[in-house]
Amino acid sequence: GYGASIGFSRIQYPDRRAAAIVSVQTTSDEDQVGLAFFTHPSTDAAASLVEAMRVDHAGRLLIGSTQRTVGGVNCALHVEGTGADDSSIALVRNTNGATNPPYLMFGKSRSGSLGGDTIVQDDDLLGYISFNGADGNDLDGGAAAIQALVDGTPGSNDMPGRLEFMTTSDGSNSPTTRVTINRS
């Protein structure tokens, strides 16, 4: 875990409650450095500041927790809480019309470098939504999943696809495809 802030690397926005602090945080061996954001949780002047979020040494944004894997993935954005309000992500778009909703977009390229557009191939996995529950050990076993794959040969402005809906049998921790909607 991270220790106390380094004194010379701290920005404090004081008022009568010391409402916010941005602080460099380091591990005990000073090997990994992160940037932590602390806020005042209430109007009670005696209440302590709490860490609202952190950007860790690997550039991950952590809200409400230190980094841990979910479904075996060490995500770049990690939100964790004890209630619906502090463990949810909302996407809201306000527009006067029937189109232009908020979007959750998945993109895949075979380029291997940022900004690349190398064409994908048949059966490439384009996106995966995983539903994981704690099993007393970790959050890596999945109960269900939805995945999107390329379903045929893609080309310029041609991207055939399929959706697979998966659930996990009793006694297992790995989802199996139960329903497939293919390109046809």
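### Here we look at the overall build of the protein chain
Phase 1: Broken down by element type, the protein chain carries zero helices and ten strands.
Phase 2: Written out in order from the N terminus, the α and β elements of the protein chain read β-β-β-β-β-β-β-β-β-β.
Phase 3: Split into buried and exposed, the 184 residues of the protein chain put 19% on the buried side.
Phase 4: Contacts in the protein chain between residues far apart in sequence, at least 24 positions, make up 22% of those at least 6 positions apart.
Phase 5: Here the protein chain has roughly 12500 Å² of accessible surface; of this, 52% comes from carbon and sulfur atoms.

### Focus on a nonpolar patch on the surface
Phase 1: The grouping of L77, I89, L91, L104, F106, I129 and F131 at the surface amounts to a nonpolar patch, some 720 Å² of accessible area in total.
Phase 2: Residue placement: I129 occurs in strand β7 (residues 125-132).
Phase 3: Take I129: its relative accessible area is 35%, and that puts it in the partly exposed class.

### A word on the pattern of salt bridges
Phase 1: The tally for this structure, following the rule as stated, stands at seven salt bridges.
Phase 2: In this structure, D123 engages R162 in a salt bridge whose closest nitrogen and oxygen atoms are separated by 2.8 Å. With D123 in the loop between β6 (77-79) and β7 and R162 in strand β9 (residues 161-167), this pair connects stretches of sequence that are 39 residues apart.
Phase 3: A relative accessible area of 44% places D123 in the partly exposed class.
Phase 4: Where D151 meets R183, a salt bridge forms, and the shortest distance between an N and an O atom there is 3.9 Å.

### Some points on the confidence of the model for the protein chain
A low pLDDT score tells you not to read the predicted coordinates there in detail.
Phase 1: A residue-level look at the protein chain finds 83% of positions with pLDDT of 70 or above and a mean pLDDT of 84.
Phase 2: Taken as a whole, residues 1-8 scores under 50 in pLDDT and shows 21 contacts with residues more than four places along the chain or in a different chain.

### Here's the deal with the sheet that holds β9
Backbone-to-backbone hydrogen bonds pair the strands of a sheet. The strands run either parallel or antiparallel.
Phase 1: Read from one edge of the open sheet, four strands run β7-β8-β9-β10, paired in antiparallel fashion. Every interior strand has two partners, whereas the edge strands, β7 and β10 (176-181), have only one. Neighbour-to-neighbour, the strand axes of the sheet open up by a mean angle of 20 degrees, direction not taken into account.
Phase 2: Alignment of β7 against strand β8 (residues 142-150), held across seven bridges, turns out to be antiparallel. When the sheet's bridge partners are listed, F131 is paired in β8 with A144.

### Side note on the side chain of R60
Phase 1: Summarising the element assignment, R60 is placed in the loop between β4 (50-55) and β5 (61-63).
Phase 2: Setting aside residues up to four positions removed in sequence, R60 forms contacts with R54, V55, Q67, N74, C75 and A76.

So, how was this worked out
- Residues numbered from 1 in each chain as written.
- Predicted model: local features only at pLDDT ≥ 70, side-chain atom pairs only at ≥ 80, totals over all residues.
- Heavy atoms only, no water.
- Helix = DSSP H or I, 4+ residues; strand = E, 2+ residues; numbered from the N terminus.
- Buried < 20%, exposed > 50% of the residue type's maximum accessible area, 1.4 Å probe, protein only.
- Contact = heavy atoms within 4.5 Å.
- Areas by Shrake-Rupley, 256 points an atom, 1.4 Å probe, with all protein chains shown as cover.
- Patch = residues over 30% accessible without salt bridge, like charges linked within 9 Å, V, L, I, M, F, W, Y side chains within 5 Å.
- Salt bridge = Lys/Arg side-chain N within 4 Å of Asp/Glu carboxyl O.
- pLDDT = per-residue confidence, 0-100.
- Pairing = 2+ DSSP bridges.
- Axes fitted to C-alpha atoms, helices over the stretch in contact; angles between N-to-C directions.

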